[in-house]
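So you can see what is in the structure, the chains are spelled out below.
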Amino acid sequence: MLPEVHYQRYREFKDALLRLQERVDAPSVDKTALKAAAGDLQHVFQEQILPLPMDALDPADVSRVQSYRTEMHKQQRLLGNDALFLLSARQPTTVQQRLDAIRDRLQRLIRYCDALLEVNNS
């Protein structure tokens, strides 16, 4: 079971991911604002998620949580790269490909958050 502070931080991070997903799915995407939002999300992850102490976890959950957190960290960095590539995209086809990549990355991060939040229900 996750400690309350862990649960709350992952819940807030998931909410931030969902808000960013809404921006990506908007009819008109502001590429600069999207890049800034992805950077803000990365900052939140680094400031709120990464510092969470692993020793506060149930020993049975440490490995699982660490694996998800490592993968989330990687996906966060790649999301930042995707947003940067979107910013430089000029052709509509390329813009669409970059948006699709960002959507996929966000969905993956949301699934990881869901899996971690499920630790409380197991």
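The structure presented is a predicted model; accordingly, all values stated were derived computationally and were not measured. (Residues numbered from 1 in each chain as written. Predicted model: local features only at pLDDT ≥ 70, side-chain atom pairs only at ≥ 80, totals over all residues. Heavy atoms only, no water.)

Caption draft 1: Examining the packing of helix 2 (residues 31-49) against helix 3 (residues 62-88) more closely. Between helix 2 and helix 3, whose axes approach to 9 Å, the crossing angle comes to 160°. Classified by the angle their axes make, helix 2 and helix 3 are roughly antiparallel. By crossing handedness, the relation of helix 2 to helix 3 is classed as left-handed. Of helix 3, the residues touching helix 2 (which contributes Lys31, Thr32, Leu34, Lys35, Ala38, Leu41, Gln42, Phe45, Gln46 and Ile49) are Arg69, Met72, His73, Gln76, Arg77, Leu79, Gly80, Ala83, Leu84, Leu86 and Leu87. Counted by class, the contact of helix 2 with helix 3 contains 11 nonpolar, 6 polar and 4 charged residues. (Axes fitted to C-alpha atoms, helices over the stretch in contact; angles between N-to-C directions. Helix = DSSP H or I, 4+ residues; strand = E, 2+ residues; numbered from the N terminus. Parallel < 35°, antiparallel > 145°, perpendicular 65-115°, else oblique. Left-handed = near helix turned anticlockwise from the far one by under 90°. Contact = heavy atoms within 4.5 Å. Nonpolar A, V, L, I, M, F, W, Y, C, P; charged D, E, K, R; others polar.)

Caption draft 2: Spotlight on the packing of helix 1 (residues 4-25) against helix 2. For the pair helix 1 and helix 2, interaxial distance at closest approach is 11 Å and the crossing angle is 175°. One finds that helix 1 runs roughly antiparallel with respect to helix 2. Between helix 1 and helix 2, the contacting residues are Arg9, Tyr10, Phe13, Ala16, Leu17, Leu20, Arg23 and Val24 on the first element and Ala33, Leu34, Ala37, Ala38, Leu41, Val44, Phe45, Gln48 and Ile49 on the second. Per-class residue counts for the contact of helix 1 with helix 2 are 14 nonpolar, 1 polar and 2 charged.

Caption draft 3: Quick peek at the nonpolar core. Counting residues in each nonpolar core, the largest one holds 33 residues, and the members touching the most others are Tyr10, Phe13, Leu17, Met72 and Leu79. Those elements that place two or more of their residues in this core are helix 1, helix 2, helix 3 and helix 4 (92-118). Broken down by element, the residue count for this core peaks at 10 residues, all from helix 4. Setting aside anything within four residues of it in sequence, one finds Leu17 in contact with Leu41, Gln76, Leu106, Leu109, Ile110 and Cys113. (Core = buried A, V, L, I, M, F, W, Y, C linked by side-chain atoms within 4.5 Å. Buried < 20%, exposed > 50% of the residue type's maximum accessible area, 1.4 Å probe, protein only.)

Caption draft 4: Structural detail: the packing of aromatic side chains. A full pass over the atoms with the stated rule returns 2 aromatic pairs. With 5.3 Å between their ring centres and 50° between their planes, Phe13 and Phe45 make a pair best called tilted. Here Phe13 is found in helix 1, whereas its partner Phe45 is found in helix 2, with 32 residues between them in sequence. Accessibility assignment for this pair places Phe13 and Phe45 in one class, buried. (Phe/Tyr/Trp six-rings, centres within 6.5 Å; stacked < 30°, edge-to-face > 60°.)

Caption draft 5: Seen up close, the pattern of salt bridges. Within this structure, the stated rule accounts for 6 salt bridges. A salt bridge links Lys14 to Asp114; its shortest N-O distance comes to 2.4 Å. With Lys14 in helix 1 and Asp114 in helix 4, this residue pair connects regions lying 100 residues apart in the sequence. Under the relative-accessibility criterion, Asp114 is labelled partly exposed at 30%. Between Asp25 and Arg103 there is a salt bridge; the shortest N-O distance is 2.7 Å. In this pair, Asp25 is assigned in helix 1 and Arg103 in helix 4, connecting sequence segments 78 residues apart. You can call Asp25 partly exposed: its relative accessible area is 44%. With relative accessibility at 22%, the residue Arg103 sits in the partly exposed group. Because the salt bridges share partners, they merge into one network encompassing Asp25, Asp100 and Arg103. (Salt bridge = Lys/Arg side-chain N within 4 Å of Asp/Glu carboxyl O.)

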